[in-house]
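Topology and contacts: notes
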Amino acid sequence: MGTWQISADLLARSRFVVSPRIEAAGALNDLVRPSDPEGRALAAAHGEAFRAMLEAHPVRRAVLDHSWRKGWISDWLSLPPAAGGRGFAEELDDVRALGDDLVREQLAESSATGRLPDVLQGDGVAEQAAQLLDWVWTHVLATDWARRERILRADVVSRTSRLATHGWAAVLRDLGRDREWVGAGHLRINHYDLPSRVLPDDADLLFVPVNHRAHWVGWLLPSRYAVYYPVAGALAPVAGETSDGLERLVGRARACLLIALESPCSTTGLVASTGMPLGSVGDHLKVLLAAGVVLRRRSGREVLYWRTAAGDALVASGTAPSPR
């Protein structure tokens, strides 16, 4: 399947979505076959515990062994998230809802051998697939999710801003290798020589960033489709890390907010990334706005904040902007 045929109406209704379950799928891939320095660091930190878990759960081991073949990721693992965006536990229930028979069918398709072992023929295969992702979330991602989510949402803001100024063709071309608008209503998703798939006009089409070198697509026929792509840039430092000079100048809380606002972010995003109470974030943002070091603008239902040039200079130098 080299291209998806997409109507103008469907493309207009498509959206960017952040998915904790897909982030777990990316981390699972890093545990098995890390592809970059961040992935190798993750595998080094959690690989021993991960292998011990697989040794204790042979069904999970078998699910993992048959979830990839060259150029293919199993449909259960790349299952599109819901359009509205939900928490990890809710998203994990989507895997369970597939049922054992469908998960087995998808594993047989993604298996390098095409034949599944006896351990995958019994009941509970969908549950064990869900538990595999749940282990990754609990032991690898949960404590790091606030940071990762901040990066994912900053990427979405960047893409939607580019969409407003350059259009869909430019945005799609920037989503990684083999992704481009080839005209006549066709989106290239890979370079396989396969017939184009026509997506229904009433389908959900989602674009999902991942902190992993993801170049997958996913679907739940007939109406849910997703394109997964790697975020721009590496994982960023934790927002709470501040320089001593900046902290002494404006205070630790405002320094954390200024550093976090390298990319546009909402108040709820700042609460998640800094751990500060919502009221405190709002109070400090008022001071930063009055000082001219941040700006704000409504984007849909959210109000986004970001640093001005004066704010950038403040963070970079640790000195206050010149009086105006």
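Described below are features of the structure shown in this document.

Conventions and cut-offs
- Residues numbered from 1 in each chain as written.
- Predicted model: local features only at pLDDT ≥ 70, side-chain atom pairs only at ≥ 80, totals over all residues.
- Heavy atoms only, no water.
- Helix = DSSP H or I, 4+ residues; strand = E, 2+ residues; numbered from the N terminus.
- Rg over C-alpha atoms; globule rule 2.2 N^0.38 Å.
- Buried < 20%, exposed > 50% of the residue type's maximum accessible area, 1.4 Å probe, protein only.
- Contact = heavy atoms within 4.5 Å.
- Areas by Shrake-Rupley, 256 points an atom, 1.4 Å probe, with all protein chains shown as cover.
- Lys, Arg positive; Asp, Glu negative; His and termini not counted.
- Charge placed at Lys NZ, Arg CZ, Asp CG, Glu CD.
- Pairing = 2+ DSSP bridges.
- Axes fitted to C-alpha atoms, helices over the stretch in contact; angles between N-to-C directions.
- Arc of directions from axis to C-beta.
- Parallel < 35°, antiparallel > 145°, perpendicular 65-115°, else oblique.
- Left-handed = near helix turned anticlockwise from the far one by under 90°.
- Nonpolar A, V, L, I, M, F, W, Y, C, P; charged D, E, K, R; others polar.
- Salt bridge = Lys/Arg side-chain N within 4 Å of Asp/Glu carboxyl O.

**Examining the overall build of the protein**
Along the protein, the regular secondary structure elements total 14 helices and 13 strands. Taken against the 2.2 N^0.38 rule, which gives 20 Å for 324 residues, the C-alpha radius of gyration of the protein at 22 Å falls within 12% of a compact globule. Projecting the C-alpha coordinates of the protein onto the three principal axes gives extents of approximately 70 × 50 × 30 Å. Expressed as a percentage of the 324 residues in the protein, the buried residues total 47%. Considering only contacts in the protein between residues 6 or more positions apart, those separated by 24 or more positions represent 66%. If you sum the accessible surface of the protein, you get close to 15500 Å²; carbon and sulfur atoms cover 51% of it. Between the centroid of the 37 positive side chains of the protein and the centroid of its 38 negative side chains there is a distance of 6 Å.

**Quick look at the sheet that holds strand S8 (residues 204–210)**
Sheet architecture is open: 4 strands sit in the order S2-S8-S10-S9, paired in mixed fashion. Strand pairing shows two members of the sheet lacking a second neighbour, strand S2 (15–16) and strand S9 (217–220), which therefore form its edges. Packed on one face of the sheet, helix H2 (residues 20–32) meets S8 and strand S10 (224–230) and runs near 50 degrees to S8.

**What to know about the environment of Gly114**
Of note, Gly114 is situated in the loop between helix H6 (100–110) and helix H7 (125–141). Exposure remark for Gly114: the relative accessible area of 40% places this residue in the partly exposed category. Separated by 48 residues in sequence, Gly114 and His66 place their C-alpha atoms 8.6 Å apart.

**A short note on H6**
Restricting attention to buried positions, one finds in H6 the residues Asp100, Val103, Arg104, Gln106, Leu107 and Ser110. Summarising the axial view, the buried residues of H6 lie within an arc of 165 degrees, below the 170-degree limit, and thus occupy one face. Opposite the packed face of H6, turned more than 90 degrees from it, sit the exposed residues Asp101 and Glu105.

**What to know about the packing of helix H3 (residues 37–56) against H7**
Between H3 and H7, whose axes approach to 11 Å, the crossing angle comes to 135 degrees. As judged from the angle between their axes, H3 and H7 are oblique. Viewed along their axes, H3 and H7 form a crossing whose handedness is right-handed. Taking contact as the criterion, the partners of Leu42, His46, Ala49, Phe50, Met53 and Leu54 in H3 are, on H7, Leu132, Trp135, His139 and Val140. Tallied by class, residues from the contact of H3 with H7 come to 8 nonpolar, 2 polar and no charged.

**Concerning the pattern of salt bridges**
Scanning the model with the defined rule gives 13 salt bridges in all. Two residues, Arg96 and Asp93, come together in a salt bridge whose shortest N-O distance is 2.9 Å. With Arg96 and Asp93 both in helix H5 (residues 88–98), this residue pair falls 3 residues apart, about one helical turn. Within this structure, Glu23, Asp144 and Arg148 form a network of salt bridges that share partners.

**Brief notes about the sheet that holds strand S5 (residues 180–183)**
Sheet strands pair by backbone hydrogen bonding; their relative direction is either parallel or antiparallel. In spatial order, the strands read S5-S6-S1-S7; together these 4 strands make up an open sheet with mixed pairing. A strand with exactly one partner marks an edge of an open sheet, and here the two such strands are S5 and strand S7 (197–198). With 3 bridges connecting them, strand S1 (residues 3–5) and strand S6 (residues 186–188) associate as antiparallel partners. Bridging across to S6, Thr3 finds its partner in Arg188.

**A word on the environment of Ala316**
Within the secondary structure layout, Ala316 lies in helix H14 (residues 309–317). Looking at Ala316, the relative accessible area reads 70%, which means it is exposed. Put simply, Ala316 and Gln131 are 185 residues apart on the chain and 44 Å apart in space, counted from C-alpha to C-alpha.

**Some thoughts on unusual backbone geometry**
In this model, Leu221 is joined to Pro222 through a cis peptide bond whose omega is 5 degrees. Positionally, Pro222 belongs in the loop between S9 and S10. Even without being a glycine, Ala184 presents a positive backbone phi close to 55 degrees. The residue Ala184 is located in the loop between S5 and S6 in this model.

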